[in-house]
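# Structural characterization, general
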Amino acid sequence: NGIQRTPYNIWIQQAKAAGYNAVWAPLDPAQRAKLNVTAMWDHFYKSEGLQYGYHTMLWGWIDTVKNNYPCLPPDFEACLTWNIIEVLCPQVAYIVPSVGQ
């Protein structure tokens, strides 16, 4: 579904049905004064529909160049490295173009 917006009253119904635990945390006055709502909406409209979720989870662990990539069971000695990612990602994107989006 990608990044999307749902009317508040519908989201509340969905959140209750799913058992979400949501907290209303208003901005303090100093931060609220800095908020550029127009820029916020512009960013949202540019991002609306972009894939989110699985893609984010997949790439979420690639936040440093080394030392936090997944390793293969059973002994977890063979781990993914940046060198492998650098070569593998373009190949995967070539085979499955939507991955590169």
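Use the structure listed above.
A few points on the structure.

### Considering the overall build of the protein
Looking only at helices and strands, one finds five helices and zero strands in the protein. Along the protein, helices and strands appear, N-terminal first, in the series α-α-α-α-α. Looking at the protein as a whole, 6% of its 101 residues are labelled buried. Taking all contacts inside the protein whose residues are at least 6 apart in sequence as the whole, residues at least 24 apart take part in 42%. For the protein, the accessible area works out to roughly 9000 Å², and carbon and sulfur atoms hold 61% of it.

### With respect to a nonpolar patch on the surface
A surface patch of nonpolar side chains, about 560 Å² in accessible area, is lined by Leu27, Leu35, Val37, Met40, Trp41 and Tyr45. Along the chain, the position of methionine 40 falls in helix H3 (residues 37-47). Assessed through its relative accessible area of 42%, methionine 40 is described here as partly exposed.

### Thoughts on the state of the cysteines
Scanning the entire structure with this criterion turns up one disulfide. Here cysteine 71 engages in a disulfide with cysteine 79; their sulfurs sit 1.8 Å apart. Judged by the sign of its S-S torsion, about 95°, the cystine formed by cysteine 71 and cysteine 79 is right-handed. Among the residues examined, cysteine 79 registers a relative accessible area of 33% and is labelled partly exposed.

### Thoughts on the pattern of salt bridges
For the coordinates displayed, the defined rule picks out one salt bridge. Across the pair arginine 5 and glutamate 48 runs a salt bridge, and its minimum N-O distance is 3.3 Å. With arginine 5 in the segment before helix H1 (8-18) and glutamate 48 in the loop between H3 and helix H4 (54-60), this pair connects stretches of sequence that are 43 residues apart. Accessibility expressed as a relative area gives 34% for glutamate 48, which makes it partly exposed.

What counts and what doesn't
- Residues numbered from 1 in each chain as written.
- Predicted model: local features only at pLDDT ≥ 70, side-chain atom pairs only at ≥ 80, totals over all residues.
- Heavy atoms only, no water.
- Helix = DSSP H or I, 4+ residues; strand = E, 2+ residues; numbered from the N terminus.
- Buried < 20%, exposed > 50% of the residue type's maximum accessible area, 1.4 Å probe, protein only.
- Contact = heavy atoms within 4.5 Å.
- Areas by Shrake-Rupley, 256 points an atom, 1.4 Å probe, with all protein chains shown as cover.
- Patch = residues over 30% accessible without salt bridge, like charges linked within 9 Å, V, L, I, M, F, W, Y side chains within 5 Å.
- Salt bridge = Lys/Arg side-chain N within 4 Å of Asp/Glu carboxyl O.
- Disulfide = S-S within 2.5 Å.

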